[in-house]
Amino acid sequence: MKTAKILIVDDELELERLFKLRFRKNIRANEFELVFASNGQDALEKLQSDSLIDMVVTDINMPDMDGLTLLSKLKEINQNIKAVVVSAYGDLRNIRTAMNRGAFDFLTKPIDFDDLAITIKKTLEFVKQKKKTLNQLQEMQTQMIQQEKMSAIGQLVASIVHEINNPVGFIASNIDFASEYIQDMLKLLNLYQQQFPNPGVEIQSTLQEIELDYLVSALPEVISSMKTGTERIIDLSKSLRNFSRGNITNPVAFNLHEGLDSTLLIVKHRLKARKHSYRIEIIKKYGSLPFVDCYPGQLNQVFLNIIVNAIDAFDDIAQEYAWEKTKAITIQTQACADNDWVTIRIKDNGPGMSTEVKEQVFDYLFTTKPLGKGTGLGLAISRQIVEEKHGGKLTCISTLGQGTEFIIELPRQQYYPSNKLKCDHVAAICGR
Ligand SMILES: Nc1ncnc2c1ncn2[C@@H]1O[C@H](COP(=O)(O)OP(=O)(O)O)[C@@H](O)[C@H]1O
Ligand SMILES: [Mg+2]
């Protein structure tokens, strides 16, 4: 943990030696570090140049700038710093002014060092707690924005899918009719040709002009290509609907393979050969999985985050050197512990991570990507979805130069009283 920093402000220079002597054990134990200033002005400059100061202990009467003026300026520099004032015994007026200007506590002269030690401990504890709460609030806010965004995207996708489905439905059903009608007309044409083998000149020349033979032979292909196209749109729209099932408030039984497949369809364009002329192969090693109680839209988001990270990682190294090995993302699923738990492993043979990066991948706002590309939210949110929302576990194994594997473990049902505890037990059974 970071060592706390305390600024002592006093014009009595002898005090510095005394402080250092009295708190030498705490300083040696890295509990805190002391910085000194000889008056308010000096203190202000030190505070401006050093943002790591957590606490100020200040005298009141000093040349250049007194402690009370320093107090009133403190808030402008940093809201989180807490100040303790040291005043002459019984000087209630100054103490009241100090408290009104936001001092956290006060001490009287001559300084009782034991009392000061307690006050320092109490103040630092307060500052630490405040910082922690602020961080939590910030995390929560980012999370909420992200969730809000996902739900907005989900709704948008759902409405587009809905709008696309109707016209695609017309096309799909009409292609079958069209194909049938065309066959009938061809049959009739054939009959005409048999019964009237010598039509007039006009018909003969039109026949040549339109290349009837070619047209008849190509028609089935034309129709089947139209059919394939429509089927693809239908698949995509199903996947999109599946993928964006974000607004479900209760867990539903879900086929995770369906989720993985629809996620893959969504990132398909990024797997194809493009700027660095390589393509990424997807190797599916799906086992037999039971339906899993979950929030499908959220889990799909987890799959997406992990797969997109793997693709990004391949992109990173694509320019650096020619890759001999095939770039592949392997997705393996498996049920274990009597079908009560499922494991999804998403593994890439990309650049892997250094130990330092690996330790931070799940941290909020941690990213190694350039501004505008990475947000550092993907894995933090994924871990929250898997662990807090589903009582599962999300872990990562990575070796620099070899690749990275993310392991998602999920309980089949959501009613276990302590999925979290069970998780470690199951991990052992599943051979991890
Ligand atoms: N498959 C992977 N291979 C290498 N590094 C990865 C992989 N997945 C994640 N990382 C690292 O973890 C970091 C955090 O990922 P993430 O939380 O998704 O945020 P972002 O993608 O916005 O950077 C990435 O910036 C990257 O450094
Ligand atoms: Mg990411």
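Residues numbered from 1 in each chain as written. Chains lettered and ligands numbered in written order. Predicted model: local features only at pLDDT ≥ 70, side-chain atom pairs only at ≥ 80, totals over all residues. Heavy atoms only, no water.

**Topic: the sheet that holds strand β5 (residues 105-109)**
Part 1 of the reasoning: Strand order in the open sheet formed by 5 strands is β2-β1-β3-β4-β5, with parallel pairing between adjacent strands. Since the sheet does not close on itself, it has two edges, and those belong to β2 (32-37) and β5, each with one partner. Neighbour-to-neighbour, the strand axes of the sheet open up by a mean angle of 20°, direction not taken into account.
Part 2 of the reasoning: Relative to strand β3 (residues 55-59), strand β1 (residues 4-9) is paired through 4 bridges, and the arrangement is parallel. Across the sheet, the residue bridging to isoleucine 8 is valine 57, located in β3. (Pairing = 2+ DSSP bridges. Helix = DSSP H or I, 4+ residues; strand = E, 2+ residues; numbered from the N terminus. Axes fitted to C-alpha atoms, helices over the stretch in contact; angles between N-to-C directions.)

**Some points on the site of ligand 1**
Part 1 of the reasoning: In the neighbourhood of ligand 1, 19 residues make up the surrounding shell, with Asn309, Thr367, Thr368, Lys369 and Thr375 lying closest.
Part 2 of the reasoning: One nitrogen or oxygen atom from the side chain of threonine 368 is found 2.5 Å from an oxygen atom belonging to ligand 1.
Part 3 of the reasoning: Within the backbone of glycine 376, one N or O atom sits 2.8 Å away from an oxygen atom of ligand 1.
Part 4 of the reasoning: For the shell around ligand 1, the secondary-structure elements that each account for two or more residues are α11 (296-318), α13 (378-389) and β12 (403-411).
Part 5 of the reasoning: Counting residues per element, the shell around ligand 1 draws most heavily on α11, which supplies 3 residues.
Part 6 of the reasoning: A class-by-class count of the residues in the shell around ligand 1 yields 8 nonpolar, 9 polar and 2 charged. (Near = heavy atom within 4 Å. Polar contact = N/O pair within 3.5 Å; in protein donor to acceptor, adjacent residues only side chain to side chain. Nonpolar A, V, L, I, M, F, W, Y, C, P; charged D, E, K, R; others polar.)

**A look at the packing of aromatic side chains**
Part 1 of the reasoning: The tally for this structure, following the rule as stated, stands at 9 aromatic pairs.
Part 2 of the reasoning: Arranged with centres 6.2 Å apart and planes meeting at 90°, the rings of phenylalanine 362 and phenylalanine 406 form a pair that is edge-to-face. Taken together, the residues phenylalanine 362 in the loop between α12 (355-360) and α13 and phenylalanine 406 in strand β12 connect sequence positions 44 residues apart. Here phenylalanine 362 matches phenylalanine 406 in class, with each residue buried.
Part 3 of the reasoning: One aromatic cluster in this structure is built from Phe19, Phe23, Phe32, Phe36 and Phe113.
Part 4 of the reasoning: Lying across the ring of phenylalanine 362, arginine 383 places its NZ or CZ 3.8 Å from the centre.
Part 5 of the reasoning: The ring of tyrosine 295 carries the charged tip of lysine 389 above its face, separated from the ring centre by 4.9 Å. (Phe/Tyr/Trp six-rings, centres within 6.5 Å; stacked < 30°, edge-to-face > 60°. Buried < 20%, exposed > 50% of the residue type's maximum accessible area, 1.4 Å probe, protein only. Lys NZ or Arg CZ within 6 Å of the ring centre and 35° of its normal.)

**As for the nonpolar core**
Part 1 of the reasoning: Within the largest apolar cluster, 42 residues are counted, with the highest numbers of intra-cluster contacts made by Leu256, Ile329, Ile344, Ile346 and Ile408.
Part 2 of the reasoning: Contributing elements (two or more residues each) for this core: α9 (256-266), β8 (292-294), α11, β9 (328-336), β10 (341-348), α13, β11 (393-399) and β12.
Part 3 of the reasoning: A per-element tally of this core places α11 first, with 10 residues.
Part 4 of the reasoning: Those residues in contact with isoleucine 408, other than ones at most four positions away along the chain, are Val302, Phe303, Ile306, Val342, Thr343, Ile344, Ile346, Val386, Lys393 and Leu394.
Part 5 of the reasoning: Leu44, Leu47, Leu70 and Ala103 belong to the second largest nonpolar core, which has 21 residues in total. (Core = buried A, V, L, I, M, F, W, Y, C linked by side-chain atoms within 4.5 Å. Contact = heavy atoms within 4.5 Å.)

**A look at the sheet that holds β9**
Part 1 of the reasoning: Pairing is mixed in the open sheet, where 5 strands are placed in the order β7-β9-β10-β12-β11. Strands with a single pairing partner mark the edges of an open sheet, and in this sheet they are β7 (281-285) and β11. Averaged over all pairs of adjacent strands, the angle between strand axes in this sheet comes to 15°, irrespective of strand direction.
Part 2 of the reasoning: Contacts from α13 reach β11 and β12, with the element oriented near 135° to β11.

**Observations concerning the domain arrangement of the chain**
Part 1 of the reasoning: Examined at the domain level, the chain breaks down into domain 1 (4-111), domain 2 (146-242) and domain 3 (267-429).
Part 2 of the reasoning: On a C-alpha basis, the centroid separation for the pair domain 1 and domain 2 is 81 Å. (Domains from an automatic or database assignment.)

**A short note on the packing of helix α8 (residues 212-243) against α9**
Part 1 of the reasoning: Put simply, α8 and α9 touch, their axes get as near as 9 Å, and they point 115° apart. The crossing of α8 and α9 is left-handed. Residues Asp235, Leu236, Ser239, Leu240, Asn242 and Phe243 of α8 lie in contact with α9, whose contacting residues are Glu258, Ser262, Thr263, Leu265 and Ile266.
Part 2 of the reasoning: For the contact of α8 with α9, the class distribution of residues is 5 nonpolar, 4 polar and 2 charged. (Left-handed = near helix turned anticlockwise from the far one by under 90°.)

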